[in-house]
Amino acid sequence: MTTSIHALLDRVPTQLLIGGEWRDASNGGTFIVDNPATGDTLATLASATQDDAHDALDAACAVAAEWAATSTRDRSDVLRRAFDLITERAEDFATLITLEMGKPLTEARGEVNYGSEYLRWFSEEAVRDYGRSFPSPEGTLEMMTRRKPVGPCLLITPWNFPLAMASRKVAPAVAAGCTMVLKPAALAPLTSQFFAQTMLDAGLPAGVLNVVSSATPSDISEPIMKDPRLRKISFTGSTYVGKKLLELASQNVLRTSMELGGNAPFLVFEDADIDAAVNGAMQAKMRNIGEACTAANRFIVHESVAEQFGAKLATSMRQLRVGNGLAEKTTCGPLINSAAVDSMAELVRDASNKGARVLCGGTRGEGAGYFYNPTVLVDVPRSARAAQEEIFGPVAPIMTFSKEDEALEIANDTEYGLASYLFTQSIDRIWRVSSGLEFGLLGINAGIISNAAAPFGGVKQSGMGREGGAEGLDEYTSLQYVGIKVER
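Residues numbered from 1 in each chain as written. Predicted model: local features only at pLDDT ≥ 70, side-chain atom pairs only at ≥ 80, totals over all residues. Heavy atoms only, no water.

### Digging into the packing of aromatic side chains
Tallied over the full model, the rule gives nine aromatic pairs. Aromatic side chains phenylalanine 266 and phenylalanine 299 sit 5.1 Å apart centroid to centroid with 45 degrees between the ring planes, which places their arrangement in the tilted category. Here phenylalanine 299 lies in strand β13 (residues 296-302) and phenylalanine 266 lies in strand β12 (residues 264-268), a separation of 33 residues in the sequence. Pairwise contacts between aromatic rings join Phe266, Phe299, Phe309, Tyr421 and Phe423 into one cluster. Positioned over the ring face of phenylalanine 439 is lysine 460, at 5.9 Å from the centre of the ring. (Phe/Tyr/Trp six-rings, centres within 6.5 Å; stacked < 30°, edge-to-face > 60°. Helix = DSSP H or I, 4+ residues; strand = E, 2+ residues; numbered from the N terminus. Lys NZ or Arg CZ within 6 Å of the ring centre and 35° of its normal.)

### Overview of the pattern of salt bridges
Applying the stated criterion to the full structure yields 29 salt bridges. Ionic pairing is found between aspartate 379 and arginine 357, a salt bridge with its closest N-O pair at 2.9 Å. Of this pair, aspartate 379 sits in the loop between β15 (375-378) and β16 (395-401) while arginine 357 is found in strand β14 (residues 357-360), placing the two residues 22 residues apart along the sequence. Judged by its relative accessible area of 45%, aspartate 379 falls in the partly exposed class. A single salt-bridge network, built from bridges that share partners, covers Glu270, Asp271, Glu404, Arg429 and Arg432. (Salt bridge = Lys/Arg side-chain N within 4 Å of Asp/Glu carboxyl O. Buried < 20%, exposed > 50% of the residue type's maximum accessible area, 1.4 Å probe, protein only.)

### Focus on the layout of surface pockets
Within this model, the largest pocket holds a volume of roughly 1,100 Å³. What lines the largest pocket is a set of 49 residues, and nearest its centre among them are Pro158, Trp159, Thr236, Gly237 and Ser238. Among the secondary structure elements, those contributing two or more residues to the lining of the largest pocket are α7 (164-176), α9 (218-225), β10 (232-236), α10 (239-251) and α13 (338-353). Looking at which element gives the most residues to the lining of the largest pocket, the answer is α10, with six residues. In the lining of the largest pocket, the residues fall into 27 nonpolar, 13 polar and nine charged. Roughly 320 Å³ of volume is contained in the second largest pocket. (1 Å grid on protein atoms, 1.4 Å probe; cavity = no way out; pocket = protein on both sides within 12 Å on 5 of 7 lines; lining within 4 Å. Points joined across faces, edges and corners; volume = space filled by probe spheres on them. Nonpolar A, V, L, I, M, F, W, Y, C, P; charged D, E, K, R; others polar.)

### Notes on the sheet that holds β12
Pairing is mixed across the open sheet formed by seven strands, whose spatial order is β14-β15-β16-β13-β12-β17-β18. Because the sheet does not close on itself, it has two edges, and the strands there are β14 and β18 (443-444). As paired strands, strand β17 (residues 421-423) and β18 are joined by two bridges and run parallel to one another. By the bridge assignment for β18, leucine 422 is matched with isoleucine 444. Sitting on the sheet, helix α12 (residues 306-318) touches β12, β13, β14, β15 and β16, and the angle it makes with β14 is about 50 degrees. On top of the sheet, α13 reaches β14, β15 and β16; it is set at about 20 degrees to β15, its chief contact. (Pairing = 2+ DSSP bridges. Contact = heavy atoms within 4.5 Å. Axes fitted to C-alpha atoms, helices over the stretch in contact; angles between N-to-C directions.)

### Section: the environment of proline 172
Relative to the assigned elements, proline 172 resides in helix α7. Taking relative accessible area as the criterion, proline 172 reaches 1% and is therefore assigned buried. Sequence separation between proline 172 and glycine 469 is 297 residues; the distance between their C-alpha atoms is 9.6 Å.

### Some points on the nonpolar core
Residues Met199, Phe266, Phe309 and Leu313 are the most contacted members of the largest nonpolar core, which totals 135 residues. Of all the elements, α7 adds the most residues to this core, at nine residues. Those residues in contact with phenylalanine 266 that sit more than four places away from it in its chain are Ala277, Gly280, Ala281, Ala284, Ala296, Arg298, Phe299, Ile300, Phe309, Tyr421 and Phe423. One finds Ala59, Ala60, Leu245 and Leu248 within the second-largest nonpolar core, a separate group that totals 27 residues. (Core = buried A, V, L, I, M, F, W, Y, C linked by side-chain atoms within 4.5 Å.)

Here it is as structure tokens:
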């Protein structure tokens, strides 16, 4: 690693943040964070224990009432200062993201812009947490509603967007007046650690945000969720883990926000602009190396344009340069670990055994890191695992359809319901198909639609609740109704 990278890593806290202080784990335990492009060790972090988890919740609860009583302007100012600081430190954040999870540096810079926007958005929303006032129909009461902080929250983030997923949860919690315990993913915690320090630098009071990275997630989630003082959990990750957390949350009837797995359909109709559809497909599929819950998972293409679409998509995929994300010319970085590479190989092998053809890729990449070459599969049957499972990597399976109803049936044939994409030039079809798609997000002639101002979330087994937008602030508040007797 270069001297500048060493200097950056030296500035990243590697301890636990509890009550405003960085400290070691109670048992002295640690875990290692690796660079997926090289296999080299980046840092050794303190690994929180159950005792540390309790201490973090104690710290959050100790200042909960005081923080809830702060003015919305004060909270807004903290978030705005944090936005400004992240903007100043943008290159440091982008480098950390690339180092610990692999995405090309250009994309990492994009994540910094995206993630910081949640701080700016909720700095503006904090002062607009409105209630309402109205008379009862009988005229005997003046009726009011107001929103109050839900209380101490547990925030669990994934490794694939280490800044954006943290800021998307922390920003609305801060805006609403909640205190937090944040548990980043062990595979990529460095960005969250640096983000937490940035929040402190922006003036966030001690104890409002606590960070407990750990090699053993259950050591954090279970003891905190069993504590009756916790009032909310927000989790982004797999549906499997989400279900386990929902079971645990039911014991104390916790408020829950769950952003879980996806199996996004990408529909291309016969009247679509094929070049625009291919461009959108590259954005929807290859953003974040395909390691995104919103990534296009199944390409459902009208039979009359499937050959043309597949050929052009394969051409675009071949032009990607696989390598270390820090290299200037890299456009496709490594996957997060060796298990992810094995998963891509198994999905391609299964599809090929069931009749699919490989137009490009289908092989492991070279080098010491965890690389898999961008892949396009055609003639993929619905029985193939790649047509049923969340892929989370650079493999694009193409299926065909002949009629609109068939396309909808294929698209909705999944337990997931997060993102979906539709390419057509027919306004009538846009309304018909969008009404029939069972997904929380829909991009129409667009491959990237995520935005801090938009409510992000899914239906079915892709989760519940929304992050971002005006709706994102509601997730961290409780609605109180007040009835005032009126004498007439």
